[in-house]
Every structure is written in structure tokens, then in C-alpha cells.
Amino acid sequence: MSFLQGEINKKSFEKSANISRVIWTIETIGNIYRDLSEGRLSKAETKELSKINNYRRKVINSVSYVKLEARLYKNDRQGERPGSSFPGEIPTGVREMRLNEWAMRSSIPHIYGAFLFLLISRIKFARVLELGTGLGISTLYLLQAIRKTKGCFIDTIESWPLVIKEHNRVFAPFNRDKYQVINGQIERVLPNLMYKIPKYDFVFDDANHQYEPVKRDIKMIMESLPENGLVALDDINWSSQMTKAWKDVSKLQNVVYAASISFSNDANARMGLLLKR
């Protein structure tokens, strides 16, 4: 069933420099979840999200001609999926598939993308970092949320050259003054990005799904975020390693509020939020 389960870290909350702002942000997150679940969005928000969903379909369909050989794996939670192996997964074979099929399997569902869009647009985050660009489906929601706001910018990191090539082609109409795709391994790129000024205030992590890298990256990000910065972590129950990583990072001392979210009939949440003290 759909749910939002949030918990405030009382010790961290009491140390917050701006408690009223923390309360407002937590309430806004709850309102966004309620409005999206109940279909109570403004006409402007509904229009923007409809545009994104339509373009999302066009992007996925536009790469149907691109073929790739995908290795298939299973883990202890999910069914067969294409990609690179993670610890605990069982290889099940190699088969040819088209990039649009890979994108449909790996891209964020529309309602979760809409949730990201509303978080950024309503709370008014200005400097956004995305880990794991993929074909750029989630990037669509992030870009649409900031496109009319001056001074906003997105950095998105991806290491797969084939995907970056197609991403650059389908995103050619977008204004590159608003975002850049960084080609590289996250463990090499991320530390340098944490020194950028102004700092990121919103981070969406949909990259590595292993315990140690997730814990390392989120810890580094939380230390760099300004007060009231927010991290959205996707697939928190994708595997037992992700569940363990989510439980650990949600208990970091500088996390004032952690929430797990589901918009589906799954018993387990898909997305997690971490609010910086």
C-alpha cells in the first residue's frame, strides 16, 4: 500500500539552528506526498507533469533502434534485471535488448519522478546533484522543476558512454545553461564536487546499489549539504544490501528527519528522504 513513514531525530532536531524551517520542510514533504497521492495538484503542476510524462515516452521510444548486450542478474529481492553485477546477485545469462527496454526497466516510475519535481519546485531547492543519470528520465523531472528559476543548476553523473551518447542526443533541445552531464565513476567524481560553491542543497541518488558505496557516498553528501538540504535515495529496499544501507544512513547524527515512501502496492518503501540538520 501507499505510505509515508517519517521519524525525527530528537537530538539532532534540538541542535538545529532554524527549528521553524525544519518544521516547515517536514510539513511540506508531508503535504507533497498527500497532494500527489490524492491528485490534489495545482493546474500548473498538473500541466508541467503531463508535459514531462509525454516527453518521457518520446525519449524512451526514440532509443528503440539502439541495441546492446545486457548481462542479466537476480538478487535476493528482485526479479531478473539487466546491468552490472552487485554482491549477492546470481548471473542468469546474456541477451540482446534494445535501449528503450533497458530504460523502461531501470528508469524511475512517473509518480516518483513527480514527487522529486514537487520537492524541488515547492521547497525551492536551487543546486541539484543527481548520481546515476542513466538515459536521463529522472533528469527530466529535475530540469522541469528548476527551468523557470534563475540561478538554479543541475549536475548529473553517469559512467556509461553509450547511455551518455544517447542522452546527449535526446536532450539536445534543453538549455545546457541549466545542467551538465559529468562522465566518470562516482567514487572519483563525487569528492571534488563536494567542494563546489555554492553547495548542493538537493541530491538524488540512484546509482550504486551496494552497501559500502551507498553508505560512503551518503555520508560524504550529508557532511557537505547546507542546513535543511535534502537527499532522496531511490530503491532503498531493492536488495538486502540497500535495506541495510538505508537503515544505517538514516541514523547519521546530522540527519534531523528520515522518511521512507511508497506510492505502490509494495509492502516495502521504494524511496528514502534524509533532511540535514
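Procedures and definitions
Sequence positions are assigned chain by chain, starting from 1 and proceeding in written order. A pLDDT threshold of at least 70 governs which residues receive local features in this predicted model, and a stricter bar of 80 or more applies before side-chain atom pairs are shown or counted, although totals over entire chains, interfaces and linings include all residues. As a convention, hydrogens and water are excluded, and side-chain values are obtained from all of the structure's heavy atoms. For the purposes of this entry, the term helix denotes a DSSP run of H or I that reaches at least four residues, the term strand denotes a run of E that reaches at least two, and both are numbered from the N terminus. Buried residues are those whose accessible area, probed at 1.4 Å on protein chains only, stays under 20% of the maximum for their type, while exposed residues exceed 50% and partly exposed ones sit between those limits. Note on contacts: a residue pair qualifies if any of its non-hydrogen atoms lie within 4.5 Å across the two residues. The protein chains shown are the only cover counted for residues, whose accessible areas, like all others here, come from Shrake-Rupley with a 1.4 Å probe. Pairing between two strands is assigned when DSSP locates at least 2 bridges connecting them. Should a side-chain nitrogen of Lys or Arg be within 4 Å of a carboxyl oxygen of Asp or Glu, the pair is scored as a salt bridge. Expected helix span is computed as 1.5 Å times (number of residues minus one). Nonpolar cores are built from buried Ala, Val, Leu, Ile, Met, Phe, Trp, Tyr and Cys residues. Side-chain atoms within 4.5 Å join them into one set. Axis geometry follows a simple rule: fit a line to the C-alpha atoms, using only the stretch in contact for helices, then measure angles between N-to-C directions, giving values from 0 to 180 degrees. Here is the rule for angles: anything less than 35 degrees is roughly parallel, anything more than 145 is roughly antiparallel, 65 through 115 is roughly perpendicular, and the remaining ranges are oblique. In this scheme the handedness of a crossing depends on how the near helix is turned from the far one: anticlockwise by less than a right angle means left-handed, clockwise means right-handed. Any residue that is not Ala, Val, Leu, Ile, Met, Phe, Trp, Tyr, Cys, Pro, Asp, Glu, Lys or Arg is counted as polar, Gly included; the first ten are nonpolar and the last four charged.

*Asks:* Any chance you could explain the overall build of the protein here in plain terms?
*Replies:* In terms of regular secondary structure, the protein is built from 10 helices and 11 strands. Considering the protein as a whole, with its 277 residues, one finds that 53% of them fall into the buried category. Intrachain contacts of the protein at a sequence separation of at least 6 include 76% that bridge at least 24 residues. Taken as a whole, the protein presents about 13,300 Å² of accessible surface, with 49% of it coming from carbon and sulfur.

*Asks:* Could you clarify how one ought to interpret the pairing of strand β11 (residues 271-276) in this entry?
*Replies:* Looking down a regular strand, the side chains alternate between one sheet face and the other. Extensive coverage of β11 is indicated by the burial of six of its six residues. Where burial is concerned, the two faces of β11 agree: the one with Met 271, Leu 273 and Leu 275 and the one with Gly 272, Leu 274 and Lys 276 are both buried. Here strand β9 (residues 230-233) pairs with β11 via four bridges, running antiparallel. Following the sheet pairing, Leu 233 is matched in β11 by Gly 272. Bridging between strand β10 (residues 255-262) and β11 involves six bridges; their strand directions are antiparallel. When the bridges of β11 are listed, Ala 258 appears paired with Leu 274.

*Asks:* Can you walk me through the pattern of salt bridges in this structure?
*Replies:* Side-chain pairs of opposite charge can arise where the charged atoms are in close proximity. Applying the stated criterion across every chain yields a total of 11 salt bridges. Close ionic contact of Arg 270 with Asp 235 constitutes a salt bridge, the shortest N to O distance being 3.5 Å. Of the two residues, Arg 270 sits in the loop between β10 and β11 while Asp 235 sits in the loop between β9 and α10 (240-249), which places them 35 residues apart along the sequence. Each of Arg 34, Asp 35, Glu 45 and Arg 122 takes part in a single network of salt bridges with overlapping partners.

*Asks:* How should I be thinking about the environment of Trp 102 in this particular structure?
*Replies:* Its place among the elements puts Trp 102 in helix α4 (residues 99-106). Sequence separation between Trp 102 and Lys 67 is 35 residues, and the spatial gap between their C-alpha atoms is 9.9 Å.

*Asks:* Looking at this structure, how should I read helix α5 (residues 110-123)?
*Replies:* An α-helical turn contains 3.6 residues, so a residue and the one three or four places further along point in the same direction. A rise of 1.5 Å per residue sets the reference length of α5, with its 14 residues, at 20 Å; its end C-alpha atoms lie 20 Å apart and thus fit the reference within 8%. Counting buried positions over the 14 residues of α5 gives 10, a clear majority of the element. Residues Tyr 112, Gly 113, Ala 114, Phe 115, Leu 116, Phe 117, Leu 118, Leu 119, Ile 120 and Ile 123 constitute the buried set of α5. Taken from the residues just after α5, Lys 124 is the one with a positive phi, measuring 70°.

*Asks:* It is not clear to me how unusual backbone geometry should be interpreted in this structure. Could you clarify?
*Replies:* Peptide bonds are mostly trans, and most non-glycine residues show a negative phi. With omega at -5°, the peptide bond leading from Ile 197 into Pro 198 counts as cis. Here Pro 198 lies in the loop between α8 (186-193) and β8 (202-205). In the Ramachandran plot, Asn 228 falls in the positive-phi region, its phi being about 75° despite a non-glycine side chain. Tracing the sequence through the fold places Asn 228 in the loop between α9 (211-224) and β9.

*Asks:* Please clarify how the nonpolar core should be interpreted in this entry.
*Replies:* One recurring pattern in soluble globular proteins is that nonpolar side chains are buried together. The biggest cluster of nonpolar side chains holds 55 residues, and the ones touching the most others in it are Phe 115, Leu 119, Phe 202 and Leu 273. In terms of residues, this core owes the most to one element, α5, which gives nine residues. Dropping the residues within four chain positions of it, Phe 202 is found in contact with Leu 116, Leu 119, Ile 120, Phe 125, Arg 127, Val 128, Leu 129, Leu 142, Leu 225, Leu 230 and Ala 232. By size, the runner-up hydrophobic cluster in this structure holds 32 residues, among which are Leu 129, Ile 186, Met 194 and Tyr 211.

*Asks:* When you look at the packing of helix α3 (residues 43-62) against α5 in this model, what are you seeing that I'm missing?
*Replies:* Packed helices, taken two at a time, are described by the angle their axes make and the gap between the axes. Close contact between α3 and α5 brings their axes to 11 Å; oriented N to C, the two are set at 135°. Relative to α5, the element α3 is oriented oblique. Relative to α5, α3 is oriented so that their crossing is right-handed. Across the interface between the two elements, Glu 45, Glu 48, Leu 49, Ile 52, Asn 53 and Arg 56 from α3 touch His 110, Ala 114, Phe 117, Leu 118 and Arg 122 from α5. Partitioned by chemical class, the residues of the contact of α3 with α5 number five nonpolar, two polar and four charged.

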